[in-house]
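Spelled out, the chains give:
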Amino acid sequence: MNSKDLKEFCYSIGIKCVGIAGIGPYYDLEEIIKDKLNKGYFTGMEESCIEKRIDPRKTMKNAESIIVCAFPYYVKDVDDSNISKYCYGKDYHIVVKEKLEQIAQYIKSKQGNFEYMIFADNGPLVDRYLASISGVGYYGINNNIITDEFGSYVFIGYIINNYKFENDNVEKRTCLQCKKCINNCPGKAILGNFEMNPKLCLSYITQKKEELSEDEINVLKENKKVFGCDVCQDVCPHNKNISTTNIKEFYEDLMFNLDKDEINSISNKEFKRRYKEKAFSWRGKKIIQRNMEILEK
């Protein structure tokens, strides 16, 4: 079993962006994380233990490599949508885990002693960093990972495992640095020099549980989104003329808007039942309602 066999299987099930990352520890990343921590650029949604973020073996003792995959989700632009594009299709947490499990089972069929752990936006490691060191994509100034075929409209998932696949090369490119994302960011969260303050990001503001400040409320009102934000990606030249997603879960049964009357008419339990396969559902009905009420004031 080698990296070529693995990637051919991934391509056969529609996963086009695959790379192998080493198991570190990632001391360059440690410096970046500590700098962000000192500057207050943390939201509380991140893994709190720095060691776990930079050393895969703190999560899986016998880790030998990390399989990193990007999953495209772009379908089309919708002018009057009040949710982010990543919410249009099926919840990516579900889809990415299912796809990664397919990969893991394939390897297990070839390597009987294969052990693994799957993560889809719920793991301790920094998935965008893994995507960059595995050659899956490269950083934009807005901190998104950019891929050649699908731009930055991708989800990232990874498999920590005990098989020593050959590492791929780091993607050393960067974005065009045109500064369109900086100039258009609703909350002025993108600071340039590849730094950002996620606490100022509209996507974070729409998900924040604590009471919103007057500035946060104004950002929300100006941009008419009840969940998420796409502005920095929408203006990015790397996202022009990209391919649409080839993953059916992301182009079937699409939803572009949440309806205030509908949300207000259902219970919390019904909200979870009705929207359990949508990425916005994890934050619950209350936050969505709050944002809708702000937009109507």
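Higher on the page you've got the structure.
Residues numbered from 1 in each chain as written. Predicted model: local features only at pLDDT ≥ 70, side-chain atom pairs only at ≥ 80, totals over all residues. Heavy atoms only, no water.

Caption draft 1: Spatial organisation of the overall build of the chain. The helix and strand inventory of the chain stands at 12 helices and 8 strands. If one aligns the C-alpha atoms of the chain with their principal axes, the spans along those axes are about 60 × 40 × 35 Å. Nonlocal contacts in the chain, meaning residues at least 24 apart in sequence, comprise 77% of its contacts between residues at least 6 apart. When the accessible surface of the chain is split by element, carbon and sulfur atoms take 45% of a total near 14600 Å². (Helix = DSSP H or I, 4+ residues; strand = E, 2+ residues; numbered from the N terminus. Contact = heavy atoms within 4.5 Å. Areas by Shrake-Rupley, 256 points an atom, 1.4 Å probe, with all protein chains shown as cover.)

Caption draft 2: A look at helix 12 (residues 285-296). Here helix 12 spans 17 Å end to end across 12 residues, near enough to the 16 Å set by a 1.5 Å rise per residue. For helix 12, the set of buried residues is K285, I287, I288, Q289, R290, N291, M292 and I294. Buried residues along helix 12 sit in contact with helix 7 (202-207), helix 8 (214-223), helix 10 (260-265) and helix 11 (268-274). (Expected span 1.5 Å × (residues − 1). Buried < 20%, exposed > 50% of the residue type's maximum accessible area, 1.4 Å probe, protein only.)

Caption draft 3: Representation of the nonpolar core within the structure. Grouped together as the largest cluster of nonpolar side chains are 48 residues, with contacts concentrated most on I67, F71, I83, I103, L258 and F280. Of all the secondary-structure elements, those providing two or more residues to this core are helix 1 (3-12), strand 1 (17-21), strand 2 (65-72), helix 4 (92-110), strand 6 (154-161) and helix 12. No other element matches the 8 residues that helix 4 contributes to this core. Sequence-distant contacts of F280, defined by excluding residues within four places in its chain, comprise I83, C87, F227, M255, L258, F271 and Y275. Ranked by size, the runner-up nonpolar core spans 27 residues in total, among them I33, I66, A70 and A131. (Core = buried A, V, L, I, M, F, W, Y, C linked by side-chain atoms within 4.5 Å.)

Caption draft 4: Broad picture of helix 8. Residues of helix 8 that are buried: E216, V219 and L220. Projected down its long axis, helix 8 shows its buried positions confined to an angular sector of 100°, all on one face. Opposite the buried face of helix 8, by more than 90 degrees, sit the exposed residues E214, D215 and E222. Buried residues belonging to helix 8 abut helix 7 and helix 12. Within two residues after helix 8, K224 carries a phi angle of roughly 60°, on the positive side. (Arc of directions from axis to C-beta.)

Caption draft 5: Structural detail: the packing of aromatic side chains. For the coordinates displayed, the defined rule picks out 18 aromatic pairs. With centroids separated by 5.9 Å and ring planes inclined at 80°, the aromatic side chains of Y86 and Y92 adopt a geometry described as edge-to-face. When sorted by exposure, Y86 lands in the same class as Y92, which is buried. Arranged with centres 5.5 Å apart and planes meeting at 20°, the rings of F114 and Y116 form a pair that is stacked. (Phe/Tyr/Trp six-rings, centres within 6.5 Å; stacked < 30°, edge-to-face > 60°.)

Caption draft 6: Expanded view of a negative patch on the surface. On the surface, E98, E252, D253 and E277 cluster together into a patch of negative charge. Along the chain, the position of D253 falls in the loop between helix 9 (231-234) and helix 10. Residue D253 is classed as exposed on the basis of its relative accessible area, which comes to 71%. (Patch = residues over 30% accessible without salt bridge, like charges linked within 9 Å, V, L, I, M, F, W, Y side chains within 5 Å. Salt bridge = Lys/Arg side-chain N within 4 Å of Asp/Glu carboxyl O. Lys, Arg positive; Asp, Glu negative; His and termini not counted. Charge placed at Lys NZ, Arg CZ, Asp CG, Glu CD.)

Caption draft 7: Structural context of the sheet that holds strand 6. Within the open sheet, the 4 strands sit side by side as 1-2-6-3. Their pairing is antiparallel. Both edges of this open sheet fall to strand 1 and strand 3 (116-119), since each of them pairs with a single strand only. Averaged over all pairs of adjacent strands, the angle between strand axes in this sheet comes to 20°, irrespective of strand direction. Relative to strand 6, strand 2 is paired through 8 bridges, and the arrangement is antiparallel. Looking at the pairing, S65 lines up with N161 of strand 6. This element, helix 1, spans strand 1 and strand 2 of the sheet and lies at about 150° to strand 1. (Pairing = 2+ DSSP bridges. Axes fitted to C-alpha atoms, helices over the stretch in contact; angles between N-to-C directions.)

Caption draft 8: Broad picture of the environment of I94. If you trace the backbone, I94 turns up in helix 4. The class of I94 is partly exposed, set by a relative accessible area of 26%. Through-space distance from the C-alpha of I94 to that of N62 is 26 Å; in sequence the pair is 32 residues apart. In this structure I94 touches K276 and E277, once residues within four positions along its chain are discounted.

Caption draft 9: Expanded view of the pairing of strand 1. The element strand 1 is extensively covered by neighbouring structure, given that 5 of its 5 residues are classed as buried. Here 5 bridges tie strand 1 to strand 2, and the two strands are oriented antiparallel to one another. The residue bridging C17 from the neighbouring strand is A70, located in strand 2.

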